[in-house]
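Remarks on the overall topology
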Amino acid sequence: MENKFTKNICCIGAGYVGGPTMSVIAYNCPEFIVNVVDINKQRINAWNSNDFSKLPIFEPGLEKIVKKCRDRNLFFSLKVEECISEADIIFISVNTPTKTKGIGAGFASDLKWIESSARQIAKFAKGHTIVVEKSTLPVKTAETIKLILNSSKQNNKINEDTHKKNFSIVSNPEFLAEGTAIEDLQNPDRVLIGGEDDYSIDVVSDIYKNWVDPDKIITTNLWSSELSKLVANAFLAQRISSINSISALCEITGANINEVAKAIGSDSRIGSKFLKAGPGFGGSCFKKDILNLVYLCRYYGLKEVGDYWEQVVDINQWQQRRISSLVIKNLFGTLSNKKLAVFGFSFKANTNDTRESPSINISKDLLQEGAKLSFYDPKVKEKQIVIEFDKSVEEIFINDTALKAAEGADAIIVLTEWEEFNYLDWKKIFDVMRKPAWVFDARVYLDKENLKNIGFKVWSLGT
Ligand code: NAD
Ligand code: UGA
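Residues numbered from 1 in each chain as written. Chains lettered and ligands numbered in written order. Predicted model: local features only at pLDDT ≥ 70, side-chain atom pairs only at ≥ 80, totals over all residues. Heavy atoms only, no water.

A count of helical and extended segments in the protein gives 19 helices and 14 strands. In terms of overall dimensions, the protein is globule-like: its C-alpha atoms have a radius of gyration of 24 Å, near the 23 Å expected for 463 residues. Principal axes of the C-alpha set define a box for the protein whose edges measure 80 × 50 × 45 Å. Looking at the protein as a whole, 52% of its 463 residues are labelled buried. Total accessible area on the protein is roughly 21400 Å²; 51% of this is exposed by carbon and sulfur atoms. The average position of the 59 basic charges and that of the 59 acidic charges among the side chains of the protein differ by 2 Å. (Helix = DSSP H or I, 4+ residues; strand = E, 2+ residues; numbered from the N terminus. Rg over C-alpha atoms; globule rule 2.2 N^0.38 Å. Buried < 20%, exposed > 50% of the residue type's maximum accessible area, 1.4 Å probe, protein only. Areas by Shrake-Rupley, 256 points an atom, 1.4 Å probe, with all protein chains shown as cover. Lys, Arg positive; Asp, Glu negative; His and termini not counted. Charge placed at Lys NZ, Arg CZ, Asp CG, Glu CD.)

When cut into domains, the protein gives domain 1 (8–220) and domain 2 (223–463). The straight-line distance from the C-alpha centre of domain 1 to that of domain 2 is 32 Å. Taken residue by residue, the interface counts 35 residues in domain 1 and 28 residues in domain 2. Across the domain 1/domain 2 interface, buried area totals approximately 2500 Å², and carbon plus sulfur atoms make up 58% of it. Counting the surface domain 1 buries against domain 2, the share from its top three residues, Phe 58, Phe 107 and Val 139, is 27%. In this assembly, domain 1 and domain 2 are joined by 11 residue pairs in polar contact (both at pLDDT 80 or more). Elements with a contribution of two residues or more to the side of domain 1 that touches domain 2: helix 6 (141–150) and strand 7 (191–195). Looking at the side of domain 1 that touches domain 2, its residues break down into 17 nonpolar, 12 polar and 6 charged. (Domains from an automatic or database assignment. Contact = heavy atoms within 4.5 Å. Buried area = accessible area lost by both parts, 1.4 Å probe. Polar contact = N/O pair within 3.5 Å; in protein donor to acceptor, adjacent residues only side chain to side chain. Nonpolar A, V, L, I, M, F, W, Y, C, P; charged D, E, K, R; others polar.)

Close contacts around ligand 2 come from 19 residues, with Phe 175, Leu 176, Glu 178, Lys 348 and Arg 443 the closest. Take Asn 233: an N or O atom from its side chain is 2.8 Å from an oxygen atom of ligand 2. Arg 443 places a polar side-chain atom, nitrogen or oxygen, 2.7 Å from an oxygen atom of ligand 2. Here ligand 2 has 690 Å² of accessible area as a free molecule, and 89% of this is covered by the chains. In terms of residues, the shell around ligand 2 owes the most to one element, helix 11 (residues 222–253), which gives 4 residues. In terms of residue class, the shell around ligand 2 is built from 11 nonpolar, 2 polar and 6 charged. Summarising the domain contributions, the shell around ligand 2 has at least three residues from each of domain 1 (8–220) and domain 2 (223–463). (Near = heavy atom within 4 Å.)

The subject of this paragraph is the sheet that holds strand 10 (residues 372–376). Spatially, the 6 strands line up as an open sheet ordered 11-10-9-12-13-14, and their pairing is parallel. Edge positions in the sheet fall to strand 11 (396–398) and strand 14 (457–460), since each of these pairs with one other strand and no more. Within this sheet the neighbouring strands show an average axis-to-axis angle of 20°, counted without direction. As paired elements, strand 9 (residues 339–343) and strand 12 (residues 411–414) share 4 bridges and run parallel to each other. What sits directly across from Leu 340, in strand 12, is Ala 411. Sheet strands touched by helix 15 (residues 358–368): strand 9, strand 10, strand 11 and strand 12. Its angle to strand 10, the strand with the most contacts, is close to 155°. (Pairing = 2+ DSSP bridges. Axes fitted to C-alpha atoms, helices over the stretch in contact; angles between N-to-C directions.)

Turning next to the nonpolar core. In terms of nonpolar packing, the biggest core is built from 42 residues, with Ile 9, Met 22, Ile 25, Phe 91, Ile 207 and Tyr 208 touching the most fellow members. It is helix 10 (residues 198–208) that provides the largest number of residues to this core, a total of 5 residues. Once residues lying within four places of it in the same chain are set aside, the contact partners of Ile 25 are Ile 9, Val 34, Phe 91, Ile 207 and Trp 211. (Core = buried A, V, L, I, M, F, W, Y, C linked by side-chain atoms within 4.5 Å.)

This part covers the environment of Val 312. Relative to the elements of secondary structure, Val 312 occurs in helix 14 (residues 303–330). Put simply, Val 312 and Ala 181 are 131 residues apart on the chain and 25 Å apart in space, counted from C-alpha to C-alpha.

For the structure on display, the rule yields 2 cavities of 30 Å³ or more. Its volume calculated, the largest cavity comes out at about 80 Å³. If you go around the largest cavity, the residues you meet are Phe 281, Gly 282, Gly 283, Phe 286, Lys 287, Asn 316, Gln 317, Gln 320, Glu 356 and Asn 361. Residue assignment for the lining of the largest cavity shows that the elements contributing at least two residues are helix 13 (286–299) and helix 14. Residues of the lining of the largest cavity, tallied by class, amount to 2 nonpolar, 6 polar and 2 charged. Roughly 30 Å³ of volume is contained in the second largest cavity. Looking at the second largest cavity, the residues that line it are Glu 133, Ser 135, Thr 136, Leu 137, Ser 171, Pro 173, Glu 226 and Lys 229. When its residues are assigned to classes, the lining of the second largest cavity shows 2 nonpolar, 3 polar and 3 charged. (1 Å grid on protein atoms, 1.4 Å probe; cavity = no way out; pocket = protein on both sides within 12 Å on 5 of 7 lines; lining within 4 Å. Points joined across faces, edges and corners; volume = space filled by probe spheres on them.)

What follows concerns the site of ligand 1. Close contacts around ligand 1 come from 27 residues, with Asp 38, Arg 43, Thr 96, Glu 178 and Lys 288 the closest. Interatomic distance of 2.6 Å between a side-chain N/O atom of Thr 96 and an oxygen atom of ligand 1. In this structure, Lys 288 approaches ligand 1 through a side-chain N or O atom, which is 2.6 Å from an oxygen atom. Considered on its own, ligand 1 offers 840 Å² of accessible surface; in the complex 92% of this is hidden by protein. Of the residues forming the shell around ligand 1, the biggest block, 4 residues, is contributed by helix 5 (residues 112–124). Each of domain 1 (8–220) and domain 2 (223–463) contributes no fewer than three residues to the shell around ligand 1.

For the pair helix 11 and helix 13, the least separation of the axes is 9 Å and the interaxial angle reads 115°. The hand of the helix 11/helix 13 crossing is left-handed. Only Phe 286, Asp 289, Ile 290, Asn 292, Leu 293 and Leu 296 of helix 13 make contact with helix 11, whose side of the interface consists of Leu 227, Leu 230, Asn 233, Ala 234, Leu 236, Ala 237 and Ile 240. Split by residue class, the contact of helix 11 with helix 13 holds 10 nonpolar, 2 polar and 1 charged. (Left-handed = near helix turned anticlockwise from the far one by under 90°.)

Set out below in structure tokens:
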């Protein structure tokens, strides 16, 4: 069956990056076969579900692409060994979370999934294989992967296949953002490809040239590519911490954070993106990637550089604590016997991902003060919310509408900028709440004057 395909691509890891990225490659390159493999059976079953609304990841546009390509040239399976052995190009797209124990705990990336992928490739790959780092990795990881791949000849029984086996390694970090993954993949600002040999760089570039303007393909050496990914995330997160730090100053001085962001963002040297103040950045990557950068700086003896970047994470945590404290202060200094409705649990709108969501830390602070929390999120499932809290916590209620969440509540805290929050019947919501009824808008998203006119007491971040 594979014979009709001109290239065989395998991707290890069917997560938020592997799934959408490979779907877009399969969509744009019908002449390639794309096998996405994972060890997580539940995830693979969900990718193969006949009900396309049950795909494991919610991304606008993803369903349409998977519908078109799945079982045509895009396959999701648990057949890790088989798919590795058939592939010309293998993308490694596994998770690289922060280490929780051992050397570098709390900062360095845990590379155990990268190592196990590399070992599997070393064992099962045949002939010449291009191994592509798609995961975000500490600079110099390619060195480790190369060592593992090249030691395969010592580990395996030497036969004809082993002799023919050889590897090239390429770094091709992913810059997609969740919620806009398909748009970002279809129209990327750039595609970054770092490598050591022109042939492999060209092979990977040729995949993207099927739909990306060649001028947008940047090629570098391996280390620049690996490092650029960490630095890109650090710069993006730094802008958020910068604007959030100024949001506090706005609240004291009477300036308005949205006006300040617009005024400074109109300077083309600054630019308008990533200047939206809020409850701090969440998501699986910003914090982990900055902490990894901090670790690397310190490892290489650059203490001041590490300290500088760590501040970006510190301000993020400070902003979340600041918001919880403000809520408590405005509700007369105590939350015991009070019900608070939390609107939004995903780390940003248009995704069901809750990893490192600001809602988690802020909710924990409020629970500690004795609050009962009533959640509503249009895309996050009940079990995803419950799992974030201690089993013994009973003061958590999950609702399927915003109105139900607000029933009897003293306050609503808006933590995710879901578009539908703008179109809720706020008058009806006001009517079902206990008075004085508060709205704490940590996303500076709602129409403050309208809410005030209805009768709400309103706190809006940075205003
Ligand atoms: P994820 O946790 O959603 O998916 C990773 C998948 O890899 C999991 O399903 C896991 O079961 C699988 N896996 C782990 N080890 C495996 C093995 N040995 N064999 C087969 N499967 C294995 O992670 P993600 O969000 O897709 O992130 C992957 C990488 O991409 C990370 O390095 C991350 O930093 C980076 N990244 C993520 C995003 C994002 O938006 N989530 C964006 C850019 C880059
Ligand atoms: C981010 C980067 O934008 C991607 O380029 C990168 O590929 C990805 O991390 C990664 O490496 O994982 P993502 O985390 O999906 O993407 O989403 P963002 O849109 O960057 O938002 C991150 C967090 O920052 C969210 O909590 C969001 O609400 C917050 N944010 C973003 C703000 O508070 N203000 C802004 O102006 C922008």
